[in-house]
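Notes for the structure review
In case you want the letters, here they are:
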Amino acid sequence: GQSLEQPSEVTAVEGAIVQINCTYQTSGFYGLSWYQQHDGGAPTFLSYNALDGLEETGRFSSFLSRSDSYGYLLLQELQMKDSASYFCAVRDKGRRSNYQLIWGAGTKLIIKP
Amino acid sequence: DTEVTQTPKHLVMGMTNKKSLKCEQHMGHRAMYWYKQKAKKPPELMFVYSYEKLSINESVPSRFSPECPNSSLLNLHLHALQPEDSALYLCASSEAGTGYQPQHFGDGTRLSIL
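First, a word on scope: everything that follows refers to the structure included in this document.

Quick notes on the rules
Residues numbered from 1 in each chain as written. Chains lettered and ligands numbered in written order. Predicted model: local features only at pLDDT ≥ 70, side-chain atom pairs only at ≥ 80, totals over all residues. Heavy atoms only, no water. Helix = DSSP H or I, 4+ residues; strand = E, 2+ residues; numbered from the N terminus. Rg over C-alpha atoms; globule rule 2.2 N^0.38 Å. Buried < 20%, exposed > 50% of the residue type's maximum accessible area, 1.4 Å probe, protein only. Contact = heavy atoms within 4.5 Å. Areas by Shrake-Rupley, 256 points an atom, 1.4 Å probe, with all protein chains shown as cover. 1 Å grid on protein atoms, 1.4 Å probe; cavity = no way out; pocket = protein on both sides within 12 Å on 5 of 7 lines; lining within 4 Å. Points joined across faces, edges and corners; volume = space filled by probe spheres on them. Nonpolar A, V, L, I, M, F, W, Y, C, P; charged D, E, K, R; others polar. Buried area = accessible area lost by both parts, 1.4 Å probe. Polar contact = N/O pair within 3.5 Å; in protein donor to acceptor, adjacent residues only side chain to side chain. Salt bridge = Lys/Arg side-chain N within 4 Å of Asp/Glu carboxyl O.

1. Re the overall build of chain A
- Helix and strand counts for chain A stand at zero helices and eleven strands.
- Each helix and strand of chain A, placed in order from N terminus to C terminus, yields the pattern β-β-β-β-β-β-β-β-β-β-β.
- What you see for chain A is a C-alpha radius of gyration of 14 Å, in line with the 13 Å of a compact globule of 113 residues.
- Viewed in the frame of its principal axes, chain A has a C-alpha envelope of about 45 × 30 × 20 Å.
- Out of the 113 residues belonging to chain A, those deemed buried represent 50%.
- If you take every contact in chain A between residues at least 6 apart in sequence, the share linking residues at least 24 apart comes to 57%.
- Accessible area for chain A stands at about 5400 Å²; split by element, carbon and sulfur atoms hold 47% of it.

2. Quick word on empty space enclosed by the protein
All names here are of chain B.
- A complete count under the given rule lists one cavity of 30 Å³ or more for this structure.
- Of the pockets and cavities examined, the largest cavity occupies roughly 30 Å³.
- For the largest cavity, the full set of lining residues is His29, Arg30, Ala31, Met32, Tyr49, Tyr51, Glu52, Cys68 and Ser71.
- Looking at the lining of the largest cavity, its residues break down into five nonpolar, two polar and two charged.

3. A short note on the interface of chain B and chain A
- At the interface, 29 residues of chain B touch 18 residues of chain A.
- Both sides of the chain B and chain A interface together cover about 1900 Å² of buried area, and 56% of this is carbon and sulfur.
- Interface area lost by chain B to chain A is led by Pro42(B), Tyr100(B) and Phe105(B), which between them contribute 31%.
- Across the chain B-chain A interface, the total number found is eight residue pairs in polar contact (both at pLDDT 80 or more).
- Counting only elements with at least two residues in the side of chain B that touches chain A, the list comes to strand S4 (31-37), strand S5 (44-50), strand S6 (53-57) and strand S9 (87-94) of chain B.
- Examining the composition of the side of chain B that touches chain A, we find that four residues originate from one element, S4(B), more than from any other.
- Across the side of chain B that touches chain A, the residue classes tally to 14 nonpolar, nine polar and six charged.

4. Here we look at the pattern of salt bridges
- Scanning all chains against the criterion turns up five salt bridges over all chains.
- One salt bridge connects Asp39(A) with Lys108(A), and the closest N-O pair in it is separated by 3.6 Å. Of the two residues, Asp39(A) sits in the loop between strand S4 (31-37) and strand S5 (44-49) while Lys108(A) sits in strand S11 (residues 107-112), which places them 69 residues apart along the sequence.
- Overall, the relative accessible area of 29% leaves Lys108(A) in the partly exposed class.
- Measuring nitrogen to oxygen at the nearest pair gives 2.7 Å for the salt bridge that ties Asp85(B) to Arg63(B).

Structural data, given as C-alpha coordinates:
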(Lines give C-alpha, C1' and ligand atoms only; values in the text may rest on other atoms or scores of the structure.)
Protein backbone atom coordinates (compact mmCIF):
# COMPACT_ATOMS: atom_id res chain seq x y z
CA GLY A 1 0.00 0.00 0.00
CA GLN A 2 0.89 3.64 -0.09
CA SER A 3 1.58 5.43 3.16
CA LEU A 4 3.29 8.40 4.72
CA GLU A 5 4.53 8.41 8.29
CA GLN A 6 5.05 11.54 10.37
CA PRO A 7 4.98 12.11 14.14
CA SER A 8 1.56 12.98 15.50
CA GLU A 9 2.82 15.72 17.78
CA VAL A 10 6.03 17.69 18.36
CA THR A 11 6.67 20.20 21.13
CA ALA A 12 9.35 22.90 21.00
CA VAL A 13 10.30 26.15 22.69
CA GLU A 14 9.94 29.60 21.18
CA GLY A 15 13.15 30.65 19.44
CA ALA A 16 14.38 27.07 19.03
CA ILE A 17 14.71 24.84 15.95
CA VAL A 18 12.44 21.89 15.24
CA GLN A 19 12.48 19.17 12.60
CA ILE A 20 9.37 17.31 11.44
CA ASN A 21 10.16 14.05 9.67
CA CYS A 22 8.21 12.28 6.96
CA THR A 23 8.88 8.84 5.54
CA TYR A 24 6.92 7.58 2.61
CA GLN A 25 6.14 4.32 0.90
CA THR A 26 4.50 4.81 -2.48
CA SER A 27 4.39 2.95 -5.77
CA GLY A 28 5.93 5.92 -7.57
CA PHE A 29 7.29 9.30 -6.62
CA TYR A 30 7.45 12.73 -8.19
CA GLY A 31 7.97 14.92 -5.15
CA LEU A 32 7.26 15.75 -1.52
CA SER A 33 5.35 18.82 -0.43
CA TRP A 34 4.56 20.39 2.92
CA TYR A 35 1.44 22.25 4.00
CA GLN A 36 0.72 24.19 7.19
CA GLN A 37 -2.74 24.40 8.72
CA HIS A 38 -3.67 26.49 11.74
CA ASP A 39 -6.65 25.38 13.82
CA GLY A 40 -9.81 26.48 12.03
CA GLY A 41 -7.84 27.67 9.01
CA ALA A 42 -6.98 26.64 5.50
CA PRO A 43 -3.99 24.48 4.56
CA THR A 44 -1.22 26.69 3.17
CA PHE A 45 1.49 25.46 0.80
CA LEU A 46 4.99 25.72 2.27
CA SER A 47 7.41 23.87 0.01
CA TYR A 48 7.95 21.20 -2.64
CA ASN A 49 11.01 19.00 -3.19
CA ALA A 50 11.38 16.94 -6.34
CA LEU A 51 15.15 16.48 -6.12
CA ASP A 52 17.43 15.45 -3.28
CA GLY A 53 18.74 18.17 -1.05
CA LEU A 54 17.71 21.14 1.01
CA GLU A 55 15.36 23.92 -0.11
CA GLU A 56 15.36 27.06 2.04
CA THR A 57 12.59 29.64 2.24
CA GLY A 58 13.16 32.11 5.03
CA ARG A 59 12.87 30.42 8.42
CA PHE A 60 11.56 27.22 6.84
CA SER A 61 13.64 24.61 5.02
CA SER A 62 12.65 21.29 3.50
CA PHE A 63 14.88 18.33 2.78
CA LEU A 64 14.46 15.26 0.61
CA SER A 65 16.38 12.00 0.25
CA ARG A 66 14.76 9.90 -2.45
CA SER A 67 17.05 6.93 -1.81
CA ASP A 68 15.85 6.84 1.82
CA SER A 69 12.21 7.72 0.98
CA TYR A 70 12.54 10.40 3.61
CA GLY A 71 12.11 14.09 4.00
CA TYR A 72 11.82 16.68 6.72
CA LEU A 73 10.62 20.18 7.37
CA LEU A 74 12.95 22.35 9.45
CA LEU A 75 11.59 25.39 11.24
CA GLN A 76 14.09 27.84 12.73
CA GLU A 77 13.67 30.72 15.18
CA LEU A 78 10.31 29.34 16.21
CA GLN A 79 7.53 31.81 16.85
CA MET A 80 4.24 31.24 18.65
CA LYS A 81 2.43 31.71 15.34
CA ASP A 82 4.17 28.56 14.04
CA SER A 83 1.89 26.48 16.29
CA ALA A 84 -0.11 24.57 13.70
CA SER A 85 -0.48 21.19 12.03
CA TYR A 86 2.02 20.33 9.33
CA PHE A 87 1.21 17.82 6.59
CA CYS A 88 3.62 16.13 4.24
CA ALA A 89 2.13 15.03 0.94
CA VAL A 90 3.55 13.00 -1.91
CA ARG A 91 2.88 13.57 -5.56
CA ASP A 92 2.72 10.01 -6.83
CA LYS A 93 3.34 8.91 -10.40
CA GLY A 94 0.29 8.02 -12.41
CA ARG A 95 -2.36 9.55 -14.57
CA ARG A 96 -3.66 11.66 -11.71
CA SER A 97 -0.26 12.89 -10.56
CA ASN A 98 -0.92 16.44 -11.63
CA TYR A 99 -3.74 16.78 -9.13
CA GLN A 100 -3.81 14.00 -6.57
CA LEU A 101 -1.64 14.03 -3.47
CA ILE A 102 -1.12 11.28 -0.91
CA TRP A 103 -1.27 12.98 2.49
CA GLY A 104 0.39 12.15 5.77
CA ALA A 105 -1.72 12.19 8.92
CA GLY A 106 -0.23 15.50 10.03
CA THR A 107 2.04 16.64 12.85
CA LYS A 108 0.70 19.01 15.47
CA LEU A 109 3.46 21.42 16.44
CA ILE A 110 3.11 22.94 19.90
CA ILE A 111 5.29 25.95 20.71
CA LYS A 112 5.88 26.81 24.34
CA PRO A 113 7.12 30.22 25.52
CA ASP B 1 -7.73 35.81 4.27
CA THR B 2 -7.14 33.46 1.35
CA GLU B 3 -7.46 34.02 -2.40
CA VAL B 4 -9.99 31.22 -2.60
CA THR B 5 -13.34 32.31 -1.15
CA GLN B 6 -15.84 29.82 0.20
CA THR B 7 -19.41 30.46 1.31
CA PRO B 8 -21.01 29.90 3.67
CA LYS B 9 -18.43 29.57 6.44
CA HIS B 10 -20.80 27.50 8.55
CA LEU B 11 -23.83 25.43 7.57
CA VAL B 12 -26.23 23.39 9.66
CA MET B 13 -28.72 21.29 7.78
CA GLY B 14 -31.11 18.44 8.30
CA MET B 15 -30.80 15.14 6.52
CA THR B 16 -33.66 15.97 4.15
CA ASN B 17 -32.43 19.43 3.18
CA LYS B 18 -30.82 20.51 -0.07
CA LYS B 19 -28.04 23.08 0.13
CA SER B 20 -25.05 24.20 -1.90
CA LEU B 21 -21.50 25.16 -1.03
CA LYS B 22 -19.82 27.77 -3.19
CA CYS B 23 -16.20 28.45 -4.05
CA GLU B 24 -14.67 31.26 -6.08
CA GLN B 25 -11.14 32.08 -7.17
CA HIS B 26 -9.75 34.82 -9.39
CA MET B 27 -6.18 33.62 -9.79
CA GLY B 28 -6.78 32.25 -13.28
CA HIS B 29 -6.36 28.70 -12.07
CA ARG B 30 -7.88 26.05 -14.31
CA ALA B 31 -7.93 23.20 -11.77
CA MET B 32 -10.34 23.26 -8.83
CA TYR B 33 -10.82 20.74 -6.05
CA TRP B 34 -13.23 19.71 -3.33
CA TYR B 35 -11.84 18.10 -0.20
CA LYS B 36 -13.49 16.78 2.95
CA GLN B 37 -11.58 17.10 6.22
CA LYS B 38 -12.47 15.52 9.55
CA ALA B 39 -11.00 16.80 12.79
CA LYS B 40 -7.32 15.94 13.26
CA LYS B 41 -7.18 14.24 9.84
CA PRO B 42 -5.64 15.26 6.52
CA PRO B 43 -7.81 16.59 3.69
CA GLU B 44 -9.51 13.82 1.71
CA LEU B 45 -9.90 14.44 -2.01
CA MET B 46 -13.46 14.26 -3.35
CA PHE B 47 -13.49 15.84 -6.81
CA VAL B 48 -11.16 17.58 -9.24
CA TYR B 49 -12.18 19.78 -12.15
CA SER B 50 -9.67 20.57 -14.87
CA TYR B 51 -10.64 23.17 -17.49
CA GLU B 52 -14.22 23.01 -16.17
CA LYS B 53 -14.48 19.27 -16.78
CA LEU B 54 -14.72 16.66 -14.03
CA SER B 55 -11.33 14.99 -13.98
CA ILE B 56 -11.39 12.97 -10.77
CA ASN B 57 -14.30 11.60 -8.74
CA GLU B 58 -13.01 9.66 -5.77
CA SER B 59 -16.04 7.36 -5.56
CA VAL B 60 -17.99 9.98 -3.66
CA PRO B 61 -21.64 9.13 -2.83
CA SER B 62 -24.19 10.65 -5.20
CA ARG B 63 -25.64 12.78 -2.39
CA PHE B 64 -22.68 15.07 -3.20
CA SER B 65 -22.95 16.63 -6.64
CA PRO B 66 -20.21 18.95 -7.93
CA GLU B 67 -20.66 21.62 -10.55
CA CYS B 68 -18.20 23.95 -12.26
CA PRO B 69 -20.21 26.72 -14.00
CA ASN B 70 -17.11 28.55 -15.21
CA SER B 71 -13.36 28.72 -14.65
CA SER B 72 -13.74 30.81 -11.47
CA LEU B 73 -16.60 29.05 -9.72
CA LEU B 74 -17.07 25.66 -8.14
CA ASN B 75 -20.19 24.45 -6.38
CA LEU B 76 -20.96 21.40 -4.29
CA HIS B 77 -24.64 20.49 -4.14
CA LEU B 78 -25.73 18.57 -1.08
CA HIS B 79 -28.84 16.41 -0.71
CA ALA B 80 -29.97 13.84 1.82
CA LEU B 81 -26.72 13.93 3.74
CA GLN B 82 -25.93 11.67 6.68
CA PRO B 83 -24.59 12.66 10.12
CA GLU B 84 -21.19 11.19 9.20
CA ASP B 85 -20.94 13.81 6.44
CA SER B 86 -20.41 16.47 9.08
CA ALA B 87 -16.93 17.85 8.38
CA LEU B 88 -14.95 20.79 7.05
CA TYR B 89 -15.32 21.04 3.27
CA LEU B 90 -12.37 22.69 1.59
CA CYS B 91 -12.13 24.09 -1.88
CA ALA B 92 -8.73 24.49 -3.54
CA SER B 93 -7.39 25.66 -6.87
CA SER B 94 -4.14 25.33 -8.78
CA GLU B 95 -2.61 25.78 -12.18
CA ALA B 96 -3.58 22.94 -14.47
CA GLY B 97 -0.31 22.30 -16.28
CA THR B 98 2.08 19.40 -16.00
CA GLY B 99 4.51 19.39 -13.15
CA TYR B 100 3.74 20.14 -9.57
CA GLN B 101 1.28 22.93 -8.98
CA PRO B 102 0.77 24.08 -5.38
CA GLN B 103 -2.82 24.00 -4.29
CA HIS B 104 -4.38 27.14 -2.81
CA PHE B 105 -7.08 26.40 -0.27
CA GLY B 106 -10.08 28.36 0.92
CA ASP B 107 -10.95 28.60 4.61
CA GLY B 108 -13.63 25.97 4.20
CA THR B 109 -17.27 25.48 5.07
CA ARG B 110 -17.90 23.80 8.39
CA LEU B 111 -20.91 21.55 7.80
CA SER B 112 -23.03 20.01 10.52
CA ILE B 113 -25.75 17.48 9.71
CA LEU B 114 -28.50 17.12 12.28
